[in-house]
Amino acid sequence: MACMKLGAKSEAFHREGQTWLCTTGLPSDVIIQVGEMSFHLHKFPLLSKSGLLERLIEECSGEEGSACSLQLHGVPGGAKAFELVTKFCYGVKIELTALNVVILRCAAEYLQMTEDYEQGNLIAQAEVFLSEVFSNWRDSIVALETCEEVQRYAEELHIASRCIDSLAMKACADPKLFSWPIVGGNDDMKNPTATVLWNGIVSDDAKPQPPSDDWWYEDASLLSLSLYKRLIQAVESKGMRPESIAASLIFYARKYLPLMNRQSSFHDTNYVNSGTTISNISEADQRALLEEIVGLLPHQKGVTSSKFLLRLLRTAMILHASPSCRENLEKRVGAQLDQAVLIDLLIPNMGYSVETLYDIDCIQRILDHFISINQASLASTSPCIIEEGQLMSGTDPLTPITMVANLVDGYLAEVAPDVNLKLPKFQALAAVIPEYARPLDDGIYHAIDVFLKAHPWLTDSEREQLCRLMNCQKLSLEASTHAAQNERLPLRVIVQVLFFEQLRLRTSISGWFFVDNLENSQNPSGNLGLPTKNDVSGQVEPAQDRAVGVDHHDMRERVLELQKECSNMKKELQKLVKTKRSWSILPKRLGFRKKWEPCSPKESKPSDTMAPAPAPCCNGQQNRVNS
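Residues numbered from 1 in each chain as written. Predicted model: local features only at pLDDT ≥ 70, side-chain atom pairs only at ≥ 80, totals over all residues. Heavy atoms only, no water.

## Overview of the overall build of the chain
In terms of helices and strands, the chain carries 30 helices and seven strands. In the structure as shown, the chain presents an accessible area of about 32800 Å², 53% of it carried by carbon and sulfur atoms. (Helix = DSSP H or I, 4+ residues; strand = E, 2+ residues; numbered from the N terminus. Areas by Shrake-Rupley, 256 points an atom, 1.4 Å probe, with all protein chains shown as cover.)

## Topic: the nonpolar core
Counting 154 residues, the largest nonpolar core has I32, L72 and L337 as its most contacted members. Here this core spans two domains, since at least three of its residues come from each of domain 1 (3-173) and domain 2 (358-378 + 398-510). The contact partners of L337, leaving out residues within four places of it in the chain, are L345, I366, L367, F370, V404 and L407. (Core = buried A, V, L, I, M, F, W, Y, C linked by side-chain atoms within 4.5 Å. Buried < 20%, exposed > 50% of the residue type's maximum accessible area, 1.4 Å probe, protein only. Domains from an automatic or database assignment. Contact = heavy atoms within 4.5 Å.)

## Quick word on the environment of A2
Among the structural elements, A2 can be located in the segment before strand 1 (3-6). For the pair A2 and N136, spaced 134 residues apart in the sequence, the C-alpha separation amounts to 8.4 Å. Other than its neighbours up to four places away in sequence, A2 contacts L96, T97, A98, F129, E132 and D139.

## Here's the deal with the packing of aromatic side chains
Overall, the coordinates contain 10 aromatic pairs when judged by the stated rule. Measuring from ring centre to ring centre gives 5.0 Å for W216 and Y217, while their planes differ by 80 degrees; the resulting arrangement is edge-to-face. The residues W216 and Y217 share a single accessibility class, namely buried. Each member of the aromatic cluster is reached from another via a ring pair, and the members are W20, F39 and F82. The ring of F88 carries the charged tip of K49 above its face, separated from the ring centre by 5.1 Å. In this structure, R152 is placed above the aromatic ring of Y153, and the distance from its NZ or CZ to the ring centre is 4.4 Å. (Phe/Tyr/Trp six-rings, centres within 6.5 Å; stacked < 30°, edge-to-face > 60°. Lys NZ or Arg CZ within 6 Å of the ring centre and 35° of its normal.)

## Focus: unusual backbone geometry
One non-glycine residue, H158, lies in the positive phi region at around 60 degrees. Mapped onto the secondary structure, H158 falls in the loop between helix 7 (151-156) and helix 8 (159-172). One non-glycine residue, H320, lies in positive phi territory at about 55 degrees. Structurally, H320 can be placed in the loop between helix 14 (306-318) and helix 15 (323-335).

## Digging into the confidence of the model for the chain
A low pLDDT score tells you not to read the predicted coordinates there in detail. On average, residues of the chain score 76 in pLDDT, and 68% of them are at 70 or above. Contacts of residues 183-200 to residues separated by more than four positions or lying in other chains number 20 contacts, the stretch itself having pLDDT below 50. Below a pLDDT of 50 lies the segment residues 268-276, which in the model reaches 12 contacts outside its immediate sequence neighbourhood of four places, other chains included. (pLDDT = per-residue confidence, 0-100.)

## Here's the deal with the packing of helix 15 against helix 17 (residues 360-373)
Remark: helix 15 packs on helix 17, axes separated minimally by 8 Å, with the N-to-C direction vectors making an angle of 55 degrees. Judged by the angle between their axes, helix 15 and helix 17 are oblique. Judged by the sense of rotation from one axis to the other, the crossing of helix 15 with helix 17 is right-handed. Judged by residue contacts, E330, K331, V333, G334 and A335 of helix 15 engage C362, R365, I366, H369, F370 and I373 from helix 17. The class makeup of the residues in the contact of helix 15 with helix 17 is six nonpolar, two polar and three charged. (Axes fitted to C-alpha atoms, helices over the stretch in contact; angles between N-to-C directions. Parallel < 35°, antiparallel > 145°, perpendicular 65-115°, else oblique. Left-handed = near helix turned anticlockwise from the far one by under 90°. Nonpolar A, V, L, I, M, F, W, Y, C, P; charged D, E, K, R; others polar.)

## A look at helix 3 (residues 78-90)
With 13 residues, helix 3 should cover 18 Å at 1.5 Å per step; its first-to-last C-alpha distance of 19 Å lies within 8% of that length. For helix 3, the tally of buried residues reaches 10 of 13 residues, placing the bulk of the element in the interior. Every buried residue belonging to helix 3 is among A81, F82, E83, L84, V85, T86, K87, F88, C89 and Y90, and all of these are buried. Just beyond helix 3, the residue with positive phi is G91, at close to 80 degrees. (Expected span 1.5 Å × (residues − 1).)

## Thoughts on the pairing of strand 1
A one-sided burial pattern is seen for strand 1, the buried positions being M4 and L6 and the unburied ones C3 and K5. Strand direction decides the pairing type here: strand 1 and strand 7 (residues 94-97), joined by four bridges, are antiparallel. What sits directly across from L6, in strand 7, is I94. (Pairing = 2+ DSSP bridges.)

## A short note on the side chain of D418
Locating D418 in the fold gives a position in the loop between helix 20 (399-415) and helix 21 (423-431). No salt bridge forms around the buried D418; measuring N to O, its nearest opposite-charge neighbour K425 is 8.7 Å away. Leave out the neighbours within four places in its chain, and D418 touches T356, L357 and H455. (Lys, Arg positive; Asp, Glu negative; His and termini not counted. Salt bridge = Lys/Arg side-chain N within 4 Å of Asp/Glu carboxyl O.)

## Some points on the packing of helix 4 (residues 101-110) against helix 5 (residues 122-134)
Two numbers describe how helix 4 lies on helix 5: the axes approach to 9 Å, and their chain directions differ by 150 degrees. The pairing of helix 4 with helix 5 is recorded here as roughly antiparallel in orientation. Pair helix 4 / helix 5 crosses with left-handed handedness. In this structure, helix 4 contributes V101, V102, L104, R105, A108 and E109 to the contact, and helix 5 contributes L122, I123, A126, E127, F129, L130 and V133.

## Section: empty space enclosed by the protein
Going through the model one piece at a time under the given rule, you end up with two cavities of 30 Å³ or more. Here the largest cavity is characterised by a volume of approximately 40 Å³. Lining of the largest cavity is provided by L337, L345, I363, L407, V408 and Y411. The element contributing the most residues to the lining of the largest cavity is helix 20, with three residues. Considering only residue class, the lining of the largest cavity consists of six nonpolar, no polar and no charged. What lines the second largest cavity is F13, W20, F39, E83, T86 and K87. The element best represented in the lining of the second largest cavity is helix 3, accounting for three residues. A per-class count over the lining of the second largest cavity returns three nonpolar, one polar and two charged. (1 Å grid on protein atoms, 1.4 Å probe; cavity = no way out; pocket = protein on both sides within 12 Å on 5 of 7 lines; lining within 4 Å. Points joined across faces, edges and corners; volume = space filled by probe spheres on them.)

## As for the sheet that holds strand 6 (residues 68-71)
The five strands are arranged 2-3-5-4-6 in an open sheet whose pairing can be described as mixed. The sheet is open, and its two borders are formed by strand 2 (13-16) and strand 6, each paired with just one other strand. The sheet shows a mean angle of 20 degrees between the axes of neighbouring strands, taken without regard to direction. Inspection of the sheet shows strand 2 paired to strand 3 (residues 19-22) by four bridges, in the antiparallel sense. Bridge pairing in strand 3 links H14 to L21. Against the sheet, helix 3 engages strand 2, strand 3, strand 4 (30-34) and strand 5 (37-41), with an angle of about 10 degrees to strand 5.

In structure tokens, the structure reads:
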């Protein structure tokens, strides 16, 4: 820490209780009361340095003509500062440091210790040393902290603003280009394990390491909220990158808001990152701090991580921050919801009337804001002009909405076990995502299944209404297999799943045999590409012959597997239908009789009307391959 020595005389005072006495031997002729401390001094050293004391002593002497008593309770810094001023007036040795220079400068201004009374007076000496303090990062931080003790005078003299400008300039500049001390000092930047080679040459490990971009975060966090806010505004005006500003705000918030270091969900509510927070701050102060932090965050999208924004939102709910603060955070999260992760969305319900474990309404508002701000891009990618291949590949316009769809499906699966979660609220949250945003409906199917399991009292109509949220045609093979055996689903949904799965298998088989017929048509021999017996131009290479044989062998095995799957699904359907109602009633209730009768030349059995006999088709195709 920088230091400036003033005066040359030895100590000339001693203290007795609440009294300071001068030890020069001469009787004191003026008593100055500062707070609870009394200073027994002499007029002449004071008159030659202070304009205020000169005027007050002159007024006091004119009235009484003897030793006078003065009251100076308004001296900035109180008795401690006036003691140093008194020593300066008597020429006693004192040291100006970053800890006392601001207080002494303000006290000197109050006492009018200008150059009109003496060259090199206290105001001039303090200004010279302040210039040296402002050139040093660490001293500037210390001096800025002391400005709060004499806030009114420090503001009038622009000491605080000059100090903040100095800090902002250093924080925005590249520290590698300058020599001012930064966090930890130069000694902390050296590697303690460094070695000095022969002839005084220092190894590379012993050289100071270049500081990182966050070198000033720790020192800045020592400032009070009001001073820290002014520093952030200053660095922003000087062009600091928004990412650095956001990182500094995150560091400051985590230090003074203990709730910021707790986990979001109920699983780890007792976890606190100890040693990084100051927990003796009142709830009102924490609420004020959080609202200020939210107001200082950069507005650029993606600068502040969604994880931190959601932590701030959860803390704001716990501290009952203002509605405008929470709305601001919800909009910020909604603007970049595609960057969030599921665990951070699990915000416990902190409302006064707690209905559900997690705050579903908050996530609903965030999702609505995401849809509203992406309305233009979503409208330009209407499902009527988007092909299935583009949906599955995840092109750029649909990537954010597809990511959010997966996020919402996972969130619904997490909150679905809550028995207090009502069906309309579950449906409202799931219905916000447009259908074309889900390439596959496995996620929403899983959430629906969990909800049905946790709410077994739902009626059949409510179950069917819930299942309308998913598209049975967009279920994967694994999800379709699970759904076909899921007794919690309505019968109509199970039939639809089985029907579309059979249709998908038939389409696949037809496509394979179409390719096979196309290859055979291109081969005049009609013998699977093998050379004829009379072909003398050449013979098939052994490798090609083996490859053709392997391909057709694999095709035969696949067709057999598909035939077994068709038969198994047909048996499962028959078994499932028999457990609920007879086959004679089922076609009438589901409307299949009228649909399938015109296509059958004969009157078919009810079991045949449900699934149009995939097995014979597969057998026919199998015979073609075997032939």
